[in-house]
Amino acid sequence: MTAAQAQEAGNGEKAKEKGAKCRNDIFSTTKIGRDEMMKQKVKCRYCGEAIVYETVADSQQMKFQTEKHRMLKEGKKLEELPEPYNLGFNTVGLWNVSRHPNYFAEQAIWVCLYLFAIAAGVVEYGIFNWTIIPCLLLILLFMGSSVLGEAISSSKYPLYKDYQKKVFKYLPIIRYKK
């Protein structure tokens, strides 16, 4: 064997050792990362629950508004509608514990996406990176939208102010009671 062939064979052995070490590092990281995997599963579950929560809230609102407007098109006045339609705004289901359950869930989804970016190590300054910008902008958008929507609802429906006093804007904590 020539010196060049010996050197090449030596490099091949080093590459094999390096590859084996790399594979071992991957497998050992998998063993070490079980806690991290559990954290990721919790985030996935939280994100999935937020998606379901938003879907249910949107569905409940659509059903409520569709039925209310159907009755109004029949010529009935708002005061003549059966409860809860006579209030003019939804207080049924998730809307009984939050004035904006769909906004709450949407914001939760975006916070989850930000947490996934942080967990993936896409950080520049501690826990901050550029993915926080769309998350914060969307939260600001929903805050502004809810202020506008609530101003309109308060002017249209007299009991909406009572609803505002009794039910949190986003967090699903307190049930509405007339």
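Below is a summary of the structure that appears in this document.

This part is about the overall build of the protein. A count of helices and strands for the protein gives five helices and zero strands. In the protein, the order of α-helices and β-strands from amino to carboxyl end is α-α-α-α-α. Within the protein, the fraction of its 178 residues that count as buried is 30%. For the protein, the proportion of contacts with a sequence separation of at least 24, taken over those separated by at least 6, is 65%.

Right, let's talk about the packing of aromatic side chains for a bit. For the structure shown, the criterion picks out seven aromatic pairs. Aromatic side chains Tyr 53 and Phe 104 sit 6.0 Å apart centroid to centroid with 75° between the ring planes, which places their arrangement in the edge-to-face category. You can see Tyr 53 sitting in helix α2 (residues 34-73) and its partner Phe 104 sitting in helix α3 (residues 101-119), a full 51 residues away along the chain. Under the relative-accessibility criterion, Tyr 53 is labelled buried at 19%. Here a set of aromatic residues connected by ring pairs shows up, and it is made of Phe 89, Tyr 157, Tyr 160 and Tyr 163.

Right, let's talk about the environment of Leu 87 for a bit. Note that Leu 87 resides in the loop between α2 and α3. The exposure class of Leu 87 is buried, given its relative accessible area of 7%. Counting along the chain gives 72 residues from Leu 87 to Leu 159, while the straight-line C-alpha distance between them is 6.9 Å.

All right, on to the packing of α3 against helix α4 (residues 132-156) then. Between α3 and α4, whose axes approach to 9 Å, the crossing angle comes to 170°. As summarised for this structure, α3 and α4 are arranged roughly antiparallel, according to the angle between their axes. On α4, the residues that touch Tyr 103, Glu 106, Gln 107, Trp 110, Val 111 and Tyr 114 of α3 are Ile 132, Pro 134, Cys 135, Leu 138, Ile 139, Phe 142, Ser 145 and Ser 146.

Tyr 53, Leu 81, Tyr 85, Phe 89, Tyr 157, Tyr 160 and Tyr 163 are the most contacted members of the largest nonpolar core, which totals 17 residues. Those elements that provide at least two residues to this core are α2 and α5 (160-166). Broken down by element, the residue count for this core peaks at four residues, all from α2. Formed by five residues, the second largest nonpolar core is a distinct cluster that contains Cys 47, Ala 50, Ala 108 and Ile 109.

On the surface, a nonpolar cluster with roughly 560 Å² of combined accessible area is contributed by Trp 130, Ile 133, Leu 137, Leu 140 and Met 143. Tracing the backbone through its elements, the reader meets Leu 140 in helix α4. On the accessibility criterion, Leu 140 (54% relative accessible area) is exposed.

Relative to each other, α2 and α3 sit at 160°, their axes nearing to 8 Å. One finds that α2 runs roughly antiparallel with respect to α3. As α2 runs across α3, the sense of the crossing is left-handed. Each of Glu 36, Gln 40, Lys 43, Cys 44, Tyr 46, Cys 47, Ala 50, Ile 51, Tyr 53, Glu 54, Ala 57 and Asp 58 in α2 lies in contact with α3, whose residues at this interface are Pro 101, Asn 102, Phe 104, Ala 105, Glu 106, Ala 108, Ile 109, Cys 112, Leu 115, Phe 116 and Ala 119. Tallied by class, residues from the contact of α2 with α3 come to 16 nonpolar, two polar and five charged.

Thresholds, definitions, all that
- In every chain, residue numbers begin from 1 and rise along the written sequence.
- Confidence filtering applies because this is a predicted model: local features only for residues at pLDDT of at least 70, side-chain atom pairs given and counted only at 80 or more, and all residues used for totals across whole chains, interfaces and linings.
- Computation of side-chain values: all heavy atoms of the structure, hydrogens and water removed.
- For helices the rule is a DSSP run of H or I covering at least 4 residues; for strands it is a run of E covering at least 2, with both sets numbered from the N terminus onward.
- Burial here depends on accessible area, computed with a 1.4 Å probe over protein chains only, as a share of the maximum for the residue type. Under 20% is buried, over 50% is exposed, and the range in between is partly exposed.
- Two residues qualify as a contact provided that any one of their heavy atoms is within 4.5 Å of a heavy atom in the partner residue.
- Ring pairs are drawn from Phe, Tyr and Trp, using the six-membered ring of Trp, whenever the two centres fall within 6.5 Å, and their geometry is named by plane angle: stacked under 30 degrees, edge-to-face over 60, tilted for the rest.
- Between N-to-C directions, angles cover 0 to 180 degrees, with each direction set by a line fitted to C-alpha atoms, over the stretch in contact for helices.
- In this scheme, roughly parallel covers angles under 35 degrees and roughly antiparallel covers those over 145, while 65 to 115 is roughly perpendicular and the rest are oblique.
- Only buried residues count toward a nonpolar core. Its members are Ala, Val, Leu, Ile, Met, Phe, Trp, Tyr and Cys residues joined through side-chain atoms within 4.5 Å.
- Excluding any residue in a salt bridge, patches collect residues exceeding 30% relative accessible area, merging like charges within 9 Å and nonpolar Val, Leu, Ile, Met, Phe, Trp and Tyr side chains within 5 Å.
- We get accessible surface area from the Shrake-Rupley algorithm with a probe of 1.4 Å; when it comes to residues, only the shown protein chains can shield them.
- By salt bridge we mean one thing: a side-chain nitrogen of Lys or Arg within 4 Å of a carboxyl oxygen of Asp or Glu.
- Each crossing gets its handedness from the near helix: less than a right angle anticlockwise from the far helix is left-handed, clockwise is right-handed.
- Side-chain classes are defined by residue name, with Ala, Val, Leu, Ile, Met, Phe, Trp, Tyr, Cys and Pro counting as nonpolar, Asp, Glu, Lys and Arg as charged, and the others, Gly among them, as polar.

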